[in-house]
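Structural features, examined
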Amino acid sequence: MAFLRISSSFPLLGLLSLSLLLTTTTSLTTTTTGIRLSIIRKPAPNVPIFREAPAFRNGETCGSPAADPIHVSMTLDANYLRGTMAAVLSILQHSTCPENVMFHFLCSRLEPEIHSSIKSTFPYLSFRVYRFDPNRVRGKISKSIRQALDQPLNYARIYLADIIPVEVKRVIYLDSDIVMVDDIAKLYFTGAFWSDPELAGTFGNRQPCYFNTGVMVVDVDKWRQGGYTQKVEDWMVVQKQKRIYHLGSLPPFLLVLAGNIKAIDHRWNQHGLGGDNIEGKCRSLHPGPISLLHWSGKGKPWLRLDSRKPCTVDHLWAPYDLYRSSKHTFEE
């Protein structure tokens with residue numbers, strides 16, 4: 001987890017573990033309304049069917065969604081849709097102001113079936129879906145140690161500032177294999193951090209470090225101003241020529257941003273629960289309190305549960321599984 005400052009002249013906001021997104025202006029928009037319309041569609045063969053989630057409402061202390069929005073971005077992939085649904089449910093369930101959360105989903109293809117699946121599962125969810133053009137990274141991706149890391153959509157996070165609306169100033173990016181067990185608003189830091197000379201001075205000296213790019217909060221205005229999309233792409237070109245690293249989209253982020261971030265409590269990204277990238281062996285939780293669980297690595301909880309060979313930590317994911325045929329039910 002980390003706070004991002006991208007260059008000394010452009011203090012970027014909090015990057016939790018890091019990750020961004022991309023691309024064209026085509027979008028499907030859904031906003032929260034008081035009217036529910038149900039459309040019966042024949043399920044697509046590659047799109048799972050999910051149960052409808054409960055409606056979550058704001059607490060009395062919440063401001064309006066327009067005045068105090070919390071922007072969250074994730075990618076949409078049919079292979080990871082089950083994980084995405086669980087992640088969204090966990091975020092809403094533990095949020096004090098769930099109606100203020102606005103989701104920005106990126107996908108390689110604008111598939112009506114997936115859009116309809118999200119709408120029917122979360123009828124009151126505020127979200128937009130944007131198309132990410134895979135050609136943006138085609139020819140720039142080098143083979144890594146795991147095929148899933150080589151998919152174009154895995155690189156969409158690099159282009160987040162290019163696709164989300166310009167009025168969005170800060171966004172939380174999350175991988176699809178996470179479960180939130182704390183209020184997501186606690187990650188949405190305000191300008192007070194940057195206006196405090198002592199806090200902002202944290203980034204005075206850059207010290208290289210490692211961070212995970214599956215969870216982050218980024219000031220996308222500063223990202224745009226600093227031209228960081230191009231800086232990350234430049235390292236992808238170097239990798240294509242000289243192969244200087246082995247792991248997908250993470251290394252170019254490290255090369256550009258390491259040292260320009262500030263670590264925050266590890267509780268906000270308990271990553272590695274999916275094991276290593278080769279065998280995906282079981283791992284236990286790290287000591288200490290937990291706000292977000294992250295199944296980074298080869299092993300995904302829904303696959304291990306279905307195979308009846310789950311790891312102990314996978315049972316922490318199961319209560320958020322909305323997959324209709326799942327034996328693990330959500331307790332309303």
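Model, not experiment: these values are computed from the prediction.

Let us now look at a nonpolar patch on the surface. A surface patch of nonpolar side chains, amounting to about 240 Å² of accessible area, comprises W235, I244 and L255. Mapped onto the secondary structure, W235 falls in helix α7 (residues 228-242).

A few words on the pairing of strand β8 (residues 215-219). With five of five residues buried, β8 lies mostly within the body of the structure. Here β8 shows two buried faces, one formed by V215, V217 and D219 and the other by M216 and V218. Here five bridges tie strand β6 (residues 170-174) to β8, and the two strands are oriented antiparallel to one another. Looking at β8, one finds that L174 is bridged to V215.

Glancing now at the packing of aromatic side chains. Throughout the structure, instances matching the rule amount to eight aromatic pairs. Aromatic side chains Y80 and W302 sit 6.0 Å apart centroid to centroid with 80 degrees between the ring planes, which places their arrangement in the edge-to-face category. Remark: W302 occurs in helix α9 (residues 301-306) and Y80 occurs in the loop between β3 (70-76) and α1 (81-93); sequence separation between them is 222 residues. Here the aromatic residues Y80, W302 and W317 are joined through ring pairs into a cluster of three or more. A cation over an aromatic ring shows up here: R57 above the ring of Y124, its NZ or CZ 4.4 Å from the ring centre. Against the face of Y228 rests K231, its NZ or CZ located 4.1 Å from the ring centre.

As a further point, take the environment of L273. The topology assignment puts L273 in the loop between β9 (261-263) and β10 (292-294). Setting aside its immediate chain neighbours within four residues, L273 contacts S284, L285, L293, H294, W295, S296, R304 and V313.

Before going further, it helps to spend a moment on the nonpolar core. In summary, soluble globular proteins display a tendency toward joint burial of nonpolar side chains. F103, F105, L174 and I184 are the most contacted members of the largest nonpolar core, which has 50 residues in total. Here the element with the most residues in this core is α1; it accounts for eight residues.

Here we take up α7. Since the α-helix advances by 3.6 residues per turn, residues separated by three or four positions end up pointing in the same direction. Helix length check: α7 (15 residues) gives 21 Å between terminal C-alpha atoms against 21 Å at 1.5 Å per residue, within 8%. All buried positions along α7 are accounted for by Y228, T229, V232, E233, M236 and Q239. Buried residues along α7 cover an arc of 140 degrees about the axis, so they all sit on one side. In α7, the exposed positions that point more than 90 degrees away from the buried face belong to Q241 and K242. Phi turns positive one or two residues past the end of α7, at R243, with a value near 45 degrees.

Quick look at the pattern of salt bridges now. Within this structure, the stated rule accounts for 16 salt bridges. A salt bridge links D219 to R170, with the nearest nitrogen and oxygen atoms 3.9 Å apart. With D219 in strand β8 and R170 in strand β6, this pair connects stretches of sequence that are 49 residues apart. Classification of D219 by relative accessible area gives buried; the value is 6%. Overall, the relative accessible area of 18% leaves R170 in the buried class. Its salt-bridge partner being D182, residue K186 comes within 2.9 Å of it at the nearest N-O pair. Salt bridges here are not isolated pairs; linked through shared partners, they connect R82, D306 and D321.

What counts, and where the lines are drawn
- Residues numbered from 1 in each chain as written.
- Predicted model: local features only at pLDDT ≥ 70, side-chain atom pairs only at ≥ 80, totals over all residues.
- Heavy atoms only, no water.
- Patch = residues over 30% accessible without salt bridge, like charges linked within 9 Å, V, L, I, M, F, W, Y side chains within 5 Å.
- Areas by Shrake-Rupley, 256 points an atom, 1.4 Å probe, with all protein chains shown as cover.
- Salt bridge = Lys/Arg side-chain N within 4 Å of Asp/Glu carboxyl O.
- Helix = DSSP H or I, 4+ residues; strand = E, 2+ residues; numbered from the N terminus.
- Buried < 20%, exposed > 50% of the residue type's maximum accessible area, 1.4 Å probe, protein only.
- Pairing = 2+ DSSP bridges.
- Phe/Tyr/Trp six-rings, centres within 6.5 Å; stacked < 30°, edge-to-face > 60°.
- Lys NZ or Arg CZ within 6 Å of the ring centre and 35° of its normal.
- Contact = heavy atoms within 4.5 Å.
- Core = buried A, V, L, I, M, F, W, Y, C linked by side-chain atoms within 4.5 Å.
- Expected span 1.5 Å × (residues − 1).
- Arc of directions from axis to C-beta.

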